Amino acid sequence: MNDTPHASGSTDSSDSPDSRRATSPTSALRPDEPLSVAAHAKTEAGADAVADVLVVGAGPTGLLLAGDLAAAGLRVTLAERRPHGISNMTRAFGVHARTLEMLDARGLADELIKRGTTVDHMDMFGHINLDMTRLRSRFPFLLISPQYEMEQLLERRAVAEGVQFRYGARLLSLRQDGEGVTAELRESSGGDGSSDGERRVTLRARYLVGADGVHSGVREALGLPFPGSAVIRSIILADVRLATEPDAMLKLSGSGNSFAVVAPFGDGYHRVMGWNRKHQVSDTEPVDLDELRAIATEAFGTDYGMHDARWISRFHSDERQTSSYRVGRAFLAGDAAHVHSPAGGQGMNTGLQDAANLSWKLIAALRGRGADPDALLDSYQAERHPVGTMVLRSSGALIRLAMAHNPLQRAGRSLAVRVLDLVRPVSDKAMRMISGLDISYRAERGSHPLAGKRAIDLDLAEGRLYELLRRGEFVLVTSRDGRAVAPQGVVAAHWRSGRGSTLLVRPDGYVAWASEGPDPAGLHAALARWTGHA
């Protein structure tokens, strides 16, 4: 559930500031122009490799994005500074319902669920029990699964789809022109991360996506600021065994100067996070299990007999967001674009949903689909930047609730907890927000109320909607006796019942257009705008 972008000793996908230069992109960009044979030959001559898209950063965000692009038949290179096989146990461990729906649309959710532990109730501050079974989703729970499990699953898919990996590669610089992006990297021979046998390589792509973490080299090379500050310092994170099981699967509590969270992995270990206001030290300060035991005892009244820590670290967490997710042919996603407090465990989930939003738009632009591919790519910023802002605010509110210490703040927390406990619509709204199910995108004025909203997993004549979305295309849902015909590249589906409404669902599971009944003219315009076909 928690995200820890600044863990001591972290090996997250990021770049150090050395040897990088920012360059200004050209404005004459034609994203809908196919990569011609001539352009391919020209760039091939001056580059070590050519791709349709270069993704920098092989965390969950970059892996999902690269896998989506390669599954659509695009040439994708993924550059990662870490040596191959080096994972990071310090990161997120909660997968929310909307993210599981997104993985379901790729045929991956069931496998990840088998590896993790599902939690359908959350105990907060000993007074509120959030019941996630009320979520309207195929996945009415929080999945506890360490980030490395997500990375292994997504990496295996990316490899199978033909993504070209370059491990041990650090971004040095990038520049843009009217046909693409040229990136220079320092790469260790064999991708083992050692300094022996390093060489400089030049990669050329139509587009570049920086998914390289909070210390993003892509963001720095683009000259983008990352305003914000540390919201909480000196948090301890550990994977431990417990002598006594907590009375709730997921438990969060605060008392005195401490708060703590405990959640099960399902393999005999629990993830425990703890913080004490009176002991604020640097991330590099030594940490031991006794310190975490003391925090847990103050927060919960017991340390549950924690022992045998297989890993323990100290970290801090920032609240930051860049102003631009797109600069010319370069994009930012995940922690490279936004970082949040660990409360609510929304960081990794938000990054994965960034990738799901961006991937189909890049595919459409490179295939020349849609009435205006450049405007479609701009919609990534328009849709995802407000989501990043919303998550930053909501997670910040949660962490400040947990950190409440003076009488007024604690009274406010008690009131908030009481409202969540007693007023079901409020607690349901909070769960939908944290789970990502309530995220929607602004639609044009006069659009159907469903436009821009998440599509639920409809039971259609051809099967579940999210199974049909596994084809990576738009899905057109019409009545069985309707005359609407899905054009090439759009999956045709029909209501099981006699419903007469029409839905056009985007590849990322959001409604692009809807009508209560047959509307040939409106459907024609929607198909032309969104798919380039009518």
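What counts as what
Residues numbered from 1 in each chain as written. Predicted model: local features only at pLDDT ≥ 70, side-chain atom pairs only at ≥ 80, totals over all residues. Heavy atoms only, no water. Axes fitted to C-alpha atoms, helices over the stretch in contact; angles between N-to-C directions. Helix = DSSP H or I, 4+ residues; strand = E, 2+ residues; numbered from the N terminus. Left-handed = near helix turned anticlockwise from the far one by under 90°. Contact = heavy atoms within 4.5 Å. Nonpolar A, V, L, I, M, F, W, Y, C, P; charged D, E, K, R; others polar. pLDDT = per-residue confidence, 0-100. Buried < 20%, exposed > 50% of the residue type's maximum accessible area, 1.4 Å probe, protein only. Pairing = 2+ DSSP bridges. Phe/Tyr/Trp six-rings, centres within 6.5 Å; stacked < 30°, edge-to-face > 60°. Lys NZ or Arg CZ within 6 Å of the ring centre and 35° of its normal. Core = buried A, V, L, I, M, F, W, Y, C linked by side-chain atoms within 4.5 Å. Salt bridge = Lys/Arg side-chain N within 4 Å of Asp/Glu carboxyl O.

Engineer: Please clarify how the packing of helix α3 (residues 97–104) against helix α8 (residues 347–367) should be interpreted in this entry.
Structural biologist: Helix-helix packing: each pair is described by the crossing angle between the helix axes and the interaxial distance. Where α3 meets α8, the axes come as close as 10 Å, and the angle between the chain directions of the two elements is 35°. By crossing handedness, the relation of α3 to α8 is classed as left-handed. Taking contact as the criterion, the partners of Arg98, Thr99 and Met102 in α3 are, on α8, Asn349, Leu352, Gln353 and Ala356. Residue classes in the contact of α3 with α8 are distributed as three nonpolar, three polar and one charged.

Engineer: What is the right way to read the confidence of the model for the chain from this model?
Structural biologist: Model confidence for the chain is summarised by a mean pLDDT of 84, while 81% of its residues fall at 70 or above. Low pLDDT (under 50) marks residues 4–44, which in the prediction has 115 contacts with non-local residues, meaning those over four places away or in another chain.

Engineer: Help me understand the pairing of strand β10 (residues 169–176), please; the structure alone is not making it clear to me.
Structural biologist: The side chains of a regular strand alternate between both faces of the sheet. The buried count for β10 comes to six of eight residues, which makes it a mostly enclosed element. With seven bridges joining them, β10 and strand β11 (residues 181–188) adopt antiparallel strand pairing. Bridge assignment links Arg175 to a residue of β11, and that residue is Thr182. Here β10 folds back onto β11 in antiparallel fashion, the turn holding four residues.

Engineer: Got a minute to help me understand the packing of aromatic side chains in this structure?
Structural biologist: The geometry of an aromatic ring pair is captured by two quantities: the separation of the ring centres and the angle between the planes. This model, assessed by the stated rule, comprises twelve aromatic pairs. Aromatic pair Phe259 and Trp275: ring centres 5.5 Å apart, planes at 40°, arrangement tilted. One end of the pair, Phe259, is in strand β15 (residues 258–264); the other, Trp275, is in strand β16 (residues 270–276), and 16 residues separate them in sequence. Looking at Trp275, the relative accessible area reads 3%, which means it is buried. What links up through ring pairs into an aromatic cluster is the set Tyr207, Tyr325, Phe331 and Tyr380. Between Arg329 and the ring centre of Tyr207, over which it is positioned, the NZ or CZ distance is 5.1 Å.

Engineer: Any chance you could explain the nonpolar core here in plain terms?
Structural biologist: Burial of nonpolar side chains together is a common tendency in soluble globular proteins. Leu103 and Leu208 are the most contacted members of the largest nonpolar core, which totals 70 residues. Element by element, the count of residues in this core is highest for α8, at nine residues. Look past the residues within four positions of Leu208 in its chain and what remains in contact with it is Leu54, Val56, Leu174, Val181, Ala183, Val218, Arg329, Ala330 and Phe331. Residues Leu130, Ile235, Leu252 and Phe259 belong to the second largest nonpolar core, which totals 26 residues.

Engineer: Mind showing me how you'd approach the pattern of salt bridges here?
Structural biologist: Any two side chains of opposite charge can pair, on the condition that their charged atoms come close. Taken as a whole and judged by the stated rule, the model has 40 salt bridges. For Asp247, the salt bridge identified is with Lys251, shortest N-O distance 3.0 Å. Residue Asp247 is classed as exposed on the basis of its relative accessible area, which comes to 66%. Residue Lys251 is classed as buried on the basis of its relative accessible area of 9%.

Engineer: How should I be thinking about the sheet that holds strand β4 (residues 94–95) in this particular structure?
Structural biologist: Paired through backbone hydrogen bonds, the strands of a sheet run either parallel or antiparallel to each other. Taken together, the three strands give an open sheet; going across it, the order is β4-β8-β5, and neighbouring strands pair in antiparallel fashion. Taken across any chain shown, the strands that pair with only one partner, and hence form the sheet edges, are β4 and β5 (117–119). Both β4 and strand β8 (residues 142–144) contribute to a ladder of two bridges, which runs antiparallel. From the neighbouring strand, Gly94 faces β8, where its bridge partner is Ile144.

Engineer: Please explain the sheet that holds strand β26 (residues 511–515) as it appears in this structure.
Structural biologist: Spatial ordering of the open sheet is given by β24-β23-β25-β26, a layout of four strands whose pairing is mixed. Because the sheet does not close on itself, it has two edges, and the strands there are β24 (490–494) and β26. Here the average twist between neighbouring strands, direction ignored, is 15°. Where strand β23 (residues 474–478) lies against β24, five bridges are found, and the strand directions are parallel. Across the sheet, Thr478 pairs through a bridge with His494, a residue of β24. With respect to the sheet, helix α13 (residues 520–531) is in contact with β23, β24, β25 (502–505) and β26, its orientation differing from that of β26 by roughly 175°.

Engineer: Explain the environment of Arg186 to me, please; I cannot follow it from the model alone.
Structural biologist: With respect to the helices and strands, the residue Arg186 is situated in strand β11. Sequence spacing of Arg186 and Leu171 is 15 residues, and the spatial spacing of their C-alpha atoms is 6.5 Å.

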